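What follows is the residue order along each chain.
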Amino acid sequence: MPIKVSVVAPSPTAVQVVARDIATAKGQADVQSQVGSIDAVCMEVLQGRPDLLVAELPAIGDVDLQMLGGALNSQPGTSVILLTADRSQATLMGAMRAGIREVVHTPLANGEFKAAYGRQMERLLSHREGSRSEGQVIAFMPVKGGSGATFLATSFAHALSRGKQRVAVIDLNLHLGDAAIFISDQPVTSTMADLAQQEHRLDAALLESTMLKCASHLWLLAAPETLDAAVGIRAETVAHIIALAATRFDFVVLDLGRVPDAVTLRALDMAQRLYLIAQSTLPFLHDGKRLLNLLRELGYPQEKIELVINRVEKGSDLSVADVRRALQFSHAREIPNSYANVAYAINHGLPLLRHTPRDPVAKALVAWTDEWLPEELEAARPSGWFRSLTRARP
């Protein structure tokens, strides 16, 4: 059965341009087109119920996005590609919140629409055929610099991979990312910037070949080596890379920067869980409140976010309970302080579990990742002292 595609555009000429690109793209589709504006777009979602809707709206305001978001909530089976001349950050963020999967700017050029259309068709076909199961996407985000988010993200990923799951780390701190040095002493030869330049031929095989293999079941896509190389990496490209990684790996761990820009928000939309990393000091509470207020305003549900308090020590001026109350969380995950062992592991490019598997932080990581492993794997593991020994292997 072909994929059901609807096109709504403001004029017959605009409809023809979009239909022409669809006709030359890959994938069998049953395409229906009409001239209309936001009202026609929402009606098509609610009554036409297409698998994929291509909507060209030259200008789109907050009310329009709210209408479209409401329609998509009623019909979650419909994916939307929005074509618009509005290039503002506010519109992009609003589109993300409304559930729009792709935003392509008009006038159409450089094959961007065909690329976006191809990604959505590939996703829809793979879901329909059941040929691929998608991995889980887990994001780590610091509330303030120096929180230890990159250490926890990379260590968490390494711990997951020791359950024989294929795990990918994607460093999305594009301007200042250094995740690679936390889990590997090997030189980085390719980065996100190199992959983004080859988006026209990007597939899962190219993605994996660009990544640094850090362990038998662990790969990492490094951030660009220079600030200049990070410029121009689009949120849509990053979303494509994350989606591809989810078809190739059991888990995709995203190491995010603390600035909620377009790339970060697009990544957050794709994550099943966001771990927000803080410490028990006043500056972390101050920045944490501001970041959480923003995330809540953007519509990210509280149940998607888990608070992680790093470097917990007994007798601190601010207790874990104080932090939880201040940031309005009923519970929080605690990672103990073990500065010497953690610093040694980082300085030598060693995962902590390989360096000192009996360290309190290493044990906390194992317990944490056990919650994500399939039940059949967890049930098959030995228990007691013998289990702790088997976990100590790299």
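What counts, and at which threshold
- Residues numbered from 1 in each chain as written.
- Predicted model: local features only at pLDDT ≥ 70, side-chain atom pairs only at ≥ 80, totals over all residues.
- Heavy atoms only, no water.
- Pairing = 2+ DSSP bridges.
- Helix = DSSP H or I, 4+ residues; strand = E, 2+ residues; numbered from the N terminus.
- Axes fitted to C-alpha atoms, helices over the stretch in contact; angles between N-to-C directions.
- Left-handed = near helix turned anticlockwise from the far one by under 90°.
- Contact = heavy atoms within 4.5 Å.
- Nonpolar A, V, L, I, M, F, W, Y, C, P; charged D, E, K, R; others polar.
- Buried < 20%, exposed > 50% of the residue type's maximum accessible area, 1.4 Å probe, protein only.
- Right-handed = clockwise from strand over helix to strand, strands pointing away.
- Arc of directions from axis to C-beta.
- pLDDT = per-residue confidence, 0-100.
- 1 Å grid on protein atoms, 1.4 Å probe; cavity = no way out; pocket = protein on both sides within 12 Å on 5 of 7 lines; lining within 4 Å.
- Points joined across faces, edges and corners; volume = space filled by probe spheres on them.

Novice: Outline the sheet that holds strand 1 (residues 3–9), supporting the account with residue identities and numerical values.
Specialist: As summarised here, the arrangement of the five strands in space is 2-1-3-4-5, forming an open sheet in which the pairing is parallel. For this open sheet the edge positions go to strand 2 (29–35) and strand 5 (102–105), each flanked by a neighbour on one side alone. When the angles between neighbouring strand axes are averaged without regard to direction, this sheet yields 15°. Bridge analysis of strand 1 against strand 2 gives seven bridges, and the strand direction is parallel.

Novice: So what about the packing of helix 6 (residues 149–161) against helix 17 (residues 360–370)? Which residues, and what values?
Specialist: Between helix 6 and helix 17, whose axes approach to 9 Å, the crossing angle comes to 65°. Considering how the two elements wind past one another, helix 6 and helix 17 form a crossing that is right-handed. Residues Phe151, Leu152, Ser155, Phe156, Ala159 and Leu160 of helix 6 form the contact with helix 17, whose participating residues are Val361, Leu365, Trp368 and Thr369. Of the residues contributing to the contact of helix 6 with helix 17, the split by class is eight nonpolar, two polar and no charged.

Novice: Just give me the short version of the pairing of strand 13 (residues 333–336), but keep the residues and values in it.
Specialist: Consecutive side chains along a regular strand alternate between the two faces of the sheet. Here strand 13 shows a buried face lined by Arg333 and Ile335 and an unburied face lined by Glu334 and Pro336. Of the pairings in the sheet, the one linking strand 12 (residues 305–312) to strand 13 comprises three bridges and is parallel in character. Bridge pairing links valine 312 to proline 336 in strand 13. Following the backbone out of strand 12, through helix 14 (residues 320–327) and into the adjacent parallel strand 13, one traces a crossover that is right-handed.

Novice: Quick one: what's the story with the sheet that holds strand 13, residue by residue and with numbers?
Specialist: Within a sheet, each strand pairs with its neighbour through backbone hydrogen bonds, oriented either parallel or antiparallel. An order of 8-9-7-10-6-11-12-13 is seen for the eight strands of this open sheet, with the pairing classed as mixed. Looking at which strands have only one partner, the edges of the open sheet turn out to be strand 8 (212–215) and strand 13. Between one strand and the next, the sheet's axes are offset by a mean angle of 25°, whatever the strand orientation.

Novice: If you had to explain helix 15 (residues 339–347) to someone new, which residues and values would you point to?
Specialist: Within helix 15 the residues assigned to the buried category are Val342, Ala343 and Ala345. The buried residues of helix 15 occupy an angular sector of 160° when the element is viewed end-on, so they sit on one face. Facing away from the buried side of helix 15, by more than 90 degrees, are the exposed residues Ala340 and Asn347. In this fold, the buried residues of helix 15 make contact with helix 6, helix 16 (352–355) and helix 17.

Novice: A description of helix 14 should follow, citing residues and the corresponding values.
Specialist: Residues spaced three or four apart along an α-helix point in a common direction, a consequence of the helix completing one turn every 3.6 residues. The set of residues buried in helix 14 consists of Val320, Val323 and Leu327. Each buried residue of helix 14 lies within a common arc of 65° when the element is viewed along its axis, so the set occupies one face. Contacts made by the buried residues of helix 14 are with helix 13 (282–297), strand 12 and strand 13. Of the residues trailing helix 14, glutamine 328 is marked for its positive phi of about 65°.

Novice: If you had to explain the confidence of the model for the protein to someone new, which residues and values would you point to?
Specialist: Confidence along the protein averages 88 in pLDDT terms, with 92% of residues attaining 70 or more. Counted against residues more than four places away or in other chains, residues 378–394, with its pLDDT under 50, gives 25 contacts.

Novice: Pulling in residues and values, what's your account of the environment of aspartate 269?
Specialist: Mapped onto the fold, aspartate 269 is located in helix 12 (residues 262–270). Distance from aspartate 269 to leucine 108, taken between C-alpha atoms, is 25 Å for residues 161 residues apart in sequence. If sequence neighbours within four positions are ignored, aspartate 269 has contacts with Met96, Tyr300 and Lys304.

Novice: Explain the layout of surface pockets to me, using residue names and the numbers behind them.
Specialist: The space that makes up the largest pocket amounts to roughly 1,100 Å³. Along the wall of the largest pocket there are 40 residues; nearest its centre are Gly99, Ile100, Arg101, Asp269 and Met270. Counting residues per element, the ones that place at least two in the lining of the largest pocket are helix 3 (62–74), helix 4 (89–98), helix 5 (112–129), helix 11 (235–248) and helix 12. The element contributing the most residues to the lining of the largest pocket is helix 11, with seven residues. Considering only residue class, the lining of the largest pocket consists of 17 nonpolar, twelve polar and eleven charged.

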